[in-house]
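A closer look at the structure
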Amino acid sequence: MAIEIRKTLLQVETILVEGGKAAPVPLKLYAAMAVVKNPWAGQGFVEDLKPEIHAAAPVLGELLTRMIIDAVGSGEQVEAYGKAAVVGLDGELEHASALIHTLRFGNHYRTAVGAKSYLAFCNTRGPANAPVMIPLMDKNDEGRRSHYLTIQTSIADAPAANEIVVALGASVGGRPHHRIGDRYQDLKDLGNDVNNPAAV
């Protein structure tokens, strides 16, 4: 079954001033979103989600990736990235997760931006105008705290009860006046190994 896309949205946010101080380089945040009919809506509990995942996730991954790259200009310019999904109130949280937690969705984006880090994510349930929260991290360095960012937005008429909002996010730049350091200094100070940060 082909995925039914009701509409797409692209948001571009430019941060010029933070903390009352001009940003040395403006931070640009991008969110590409698709409002789709929940492919499992009205079916009751569905045991096997795989057929719809295989049909829908590649289409959405390709579409949203193309929207981000077209807006930013190139994959190389993307510094931080992430993904999110919000399922409407008649759906399961598993339905939101199903469309974004598959390599058939995320690998389109990873390949396009040349990323090594995993895609930060958020999956929630809510009504129309529910917050769409897209957490971001550096595409190649998970410990680079300057690029721990979150895009927060919403869509006035989505998700409807039988819909899912699927989103990708990107940043060009990090927080304008980042000054908390990277996690590697914490590891050094604590004497912990980067591969075992909690020393367990």
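Quick note: structure is the one above.
Report follows, based on the coordinates. (Residues numbered from 1 in each chain as written. Predicted model: local features only at pLDDT ≥ 70, side-chain atom pairs only at ≥ 80, totals over all residues. Heavy atoms only, no water.)

**Overview of the overall build of the protein chain**
Quick note on the threshold: Helix numbering and strand numbering both begin at the N terminus, where a helix is a DSSP run of H or I of at least 4 residues and a strand a DSSP run of E of at least 2. We compute the radius of gyration over the C-alpha atoms and compare it with the globule rule, which gives 2.2 Å times the number of residues raised to the power 0.38. Throughout this description, buried means an accessible area under 20% of the type-specific maximum (1.4 Å probe, protein chains only), exposed means over 50%, and partly exposed covers the range between.
Scanning the protein chain from terminus to terminus reveals 4 helices and 7 strands. Seen in sequence order, the protein chain has helices and strands lined up from the N terminus as β-β-α-β-α-α-β-β-β-β-α. In terms of overall dimensions, the protein chain is globule-like: its C-alpha atoms have a radius of gyration of 18 Å, near the 16 Å expected for 200 residues. With the principal axes as the frame, the protein chain shows a C-alpha extent of 55 × 40 × 30 Å. Sorting the 200 residues of the protein chain into buried and exposed places 47% on the buried side.

**Let's talk about the pattern of salt bridges**
Cut-off, in case you're wondering: Think of a salt bridge as a Lys or Arg side-chain nitrogen and an Asp or Glu carboxyl oxygen that are within 4 Å of each other.
Counted according to the given criterion, the structure contains 5 salt bridges. Glu163 is the salt-bridge partner of Arg6, the closest N and O atoms lying 2.6 Å from each other. Of this pair, Arg6 sits in strand E1 (residues 5-18) while Glu163 is found in strand E7 (residues 163-172), placing the two residues 157 residues apart along the sequence. Its relative accessible area of 41% is what places Arg6 among the partly exposed residues. Residue Glu163 is classed as buried on the basis of its relative accessible area, which comes to 6%. Among the ionic pairs, Arg144 bridges to Asp138, the shortest N-O distance being 2.7 Å. Assessed through its relative accessible area of 30%, Arg144 is described here as partly exposed.

**As for the side chain of Thr65**
Convention followed: Pairs of N or O atoms are called polar contacts if they sit within 3.5 Å, as long as, within protein, a hydrogen donor faces a hydrogen acceptor (for residues adjacent in sequence, only side-chain-to-side-chain pairs). What makes two residues a contact is simply this: any of their non-hydrogen atoms within 4.5 Å.
Considering the arrangement of structural elements, one finds Thr65 in helix H1 (residues 50-72). Among the polar contacts made by the side chain of Thr65, one reaches the main-chain amide nitrogen of Tyr109 at a distance of 3.4 Å. In contact with Thr65, other than residues within four places in its own chain, are His108, Tyr109, Ala112 and Leu168.

**As for the nonpolar core**
So the rule is basically this: Nonpolar cores were defined as sets of buried Ala, Val, Leu, Ile, Met, Phe, Trp, Tyr and Cys residues, with membership established by side-chain atoms within 4.5 Å.
Grouped together as the largest cluster of nonpolar side chains are 35 residues, with contacts concentrated most on Leu64, Ile68, Val78, Leu99, Phe105, Tyr109 and Val166. When residues in this core are grouped by element, the largest group, 10 residues, is from H1. When residues no more than four places from it in sequence are discounted, the contact partners of Val166 are Ala32, Met33, Ala34, Leu60, Leu64, Ala84, Ala85, Leu99, Ile100 and Phe105. In this structure, Val86, Ala130, Leu136 and Ala167 belong to the second largest nonpolar core, which totals 19 residues.

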